[in-house]
Amino acid sequence: MAALERLERGGRWLRAALAAGQVRRRLPWLLLAIVLLGSALKDGDLVPETPMRNKRNPLNVYFVKVAWAWTFWLLLPFIAVTTYQFAESKFLYGSTKSILTVLRRLSALLVGTAVWYVCTGLFMYIENLTGTCSTSGKLSEPRRPYATKQECHQNNGIWNGFDISGHCFLLSYCALMIVEEVAVLEGLSIDQNSKLRVVINGLFVSLCFLAMIWVFMFLCTAVYFHDFSQKLLGVLIGLSAWYGTYRFWYLKPFSPGLPLPSIPLSSKKYSYSR
């Protein structure tokens, strides 16, 4: 019981901090500020040596490299459970219509997967298109042209191309998507002693910590890796993907819809803790 009480207290604190409209309004500007300030620190050689400079650090290897998988598989049950509960308790839908509402909202994850796949593929294409390979072969050996970064690395070469920061793109997009989706708790009322509340609390706390990891690793990327233009373009694409979906397309009838449909951001009330 003590663990459940700690989970409830943690969930209550995180709801107040992360499920509020202010966070959703300010996070895009925070991410842009991190890129600007982090790049200035990196270019001024003002960043101390830490384990986060090493690309093999555990957070990068076990979280960032599979950031979309973490985001997808935690959001999947959260969206399904909260949307079903919202549809039944607020809209008084029957089981069939509630399930259809859940499927519609889960299609946001398919949209996110498409955004991730297309953008990362585009980044690799641009890097291959703009790059050249530097090798340490003998001067007498003829220079061999390499078409891709992979071919270059297979021959122990160094590929020099315009490498748009995939980390800045994906981490910004995932963090913003999580913050948007947990907003459903602002309009959802669940009984204090319900087992469903424990499940939702567990998923919510996990998503909040995941979002914190994404922002922290976004900061590490800004201060340790990539050129300023590569990071700026990466975060601008991530922000554009978020804005184009949650601030434009999802407002339309033929879309996955918002977590709290038909309720403006400025008028949403926090009621989960009732």
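Note that the coordinates shown come from a computational prediction; the quantities given were computed from them, not determined experimentally. (Residues numbered from 1 in each chain as written. Predicted model: local features only at pLDDT ≥ 70, side-chain atom pairs only at ≥ 80, totals over all residues. Heavy atoms only, no water.)

**Observations concerning the packing of aromatic side chains**
What counts, and what does not: Only Phe, Tyr and Trp rings take part, Trp by its six-membered ring, and two of them pair if their centres are within 6.5 Å. Stacked means planes under 30 degrees apart, edge-to-face means over 60, and tilted covers everything else. Helix and strand assignments follow DSSP, with helices taken as H or I runs no shorter than four residues and strands as E runs no shorter than two, numbered in order from the N terminus. For every residue, the accessible area (1.4 Å probe, protein chains only) is compared with the maximum for its type, and the residue is labelled buried under 20%, exposed over 50%, or partly exposed between those bounds.
Under the defined criterion, the tally for this structure stands at eleven aromatic pairs. Consider the rings of Trp 68 and Phe 72, whose centres lie 6.3 Å apart with planes at 65°: the pair is edge-to-face. Here Phe 72 and Trp 68 lie together in helix 4 (residues 67–89), a separation of four residues that amounts to about one turn. On the numbers, 5.0 Å between centres and 75° between planes, the contact of Phe 72 with Trp 73 is edge-to-face. Since its relative accessible area comes to 58%, Trp 73 is described here as exposed. Aromatic ring contacts, followed pair by pair, group Trp 68, Phe 72, Trp 73, Phe 123, Phe 169 and Tyr 173 into a single cluster.

**Description of the environment of Leu 188**
Mapped onto the elements, Leu 188 comes out in the loop between helix 7 (166–181) and helix 8 (195–224). The class of Leu 188 is buried, set by a relative accessible area of 0%. Placed 105 residues apart in sequence, Leu 188 and Thr 83 show a C-alpha to C-alpha distance of 9.3 Å.

**Some thoughts on the state of the cysteines**
What counts, and what does not: Disulfides are defined as pairs of cysteine sulfur atoms found within 2.5 Å of each other.
Per the stated rule, a full pass over the model turns up one disulfide. Two residues, Cys 133 and Cys 152, share a disulfide whose sulfurs are 2.0 Å apart. Looking along the S-S bond of the Cys 133-Cys 152 disulfide, the torsion reads about 80°, which is the right-handed sense. Taken together, the residues Cys 133 in strand 1 (residues 132–134) and Cys 152 in helix 6 (residues 149–154) connect sequence positions 19 residues apart. Across this residue pair, the class does not change: Cys 133 and Cys 152 are buried.

**What about the side chain of Thr 245?**
Note the threshold: By the criterion applied in these results, polar contacts are pairs of N or O atoms within 3.5 Å in which, for protein atoms, one can donate a hydrogen and the other can accept it, and in which residues neighboring in sequence qualify only through two side-chain atoms. In what follows, a contact means two residues having at least one pair of non-hydrogen atoms within 4.5 Å.
Position of Thr 245 relative to the elements: it lies in helix 9 (residues 228–246). Given the relative accessible area of 6%, Thr 245 is considered buried. Within the structure, the side chain of Thr 245 is placed 2.8 Å from the backbone oxygen of Ala 241, a separation counted as a polar contact. What Thr 245 contacts, discounting residues up to four positions off in sequence, is Val 111 and Tyr 250.

**Observations concerning unusual backbone geometry**
What you tend to see is this: most non-glycine residues have negative phi, and most peptide bonds are trans. In this structure, Asp 45 takes a positive phi of about 55° despite not being glycine. Mapped onto the elements of the fold, Asp 45 is located in the loop between helix 2 (21–43) and helix 3 (58–62). Positive phi is not limited to glycine here, since His 226 has a value of about 70°. Inspection of the secondary structure assignment puts His 226 in the loop between helix 8 and helix 9. The exposure class assigned to His 226 is partly exposed, which follows from its relative accessible area of 22%.

**Points about helix 5 (residues 95–130)**
Three or four residues apart is the spacing at which side chains of an α-helix point the same way, because the helix has 3.6 residues per turn. Operational definition: The length a helix should cover is 1.5 Å for every residue beyond the first.
Between its terminal C-alpha atoms helix 5 stretches 53 Å, which fits the 52 Å expected from 36 residues at 1.5 Å a residue. Contacts made by the buried residues of helix 5 are with helix 4, helix 6, strand 2 (158–160), helix 7 and helix 9.

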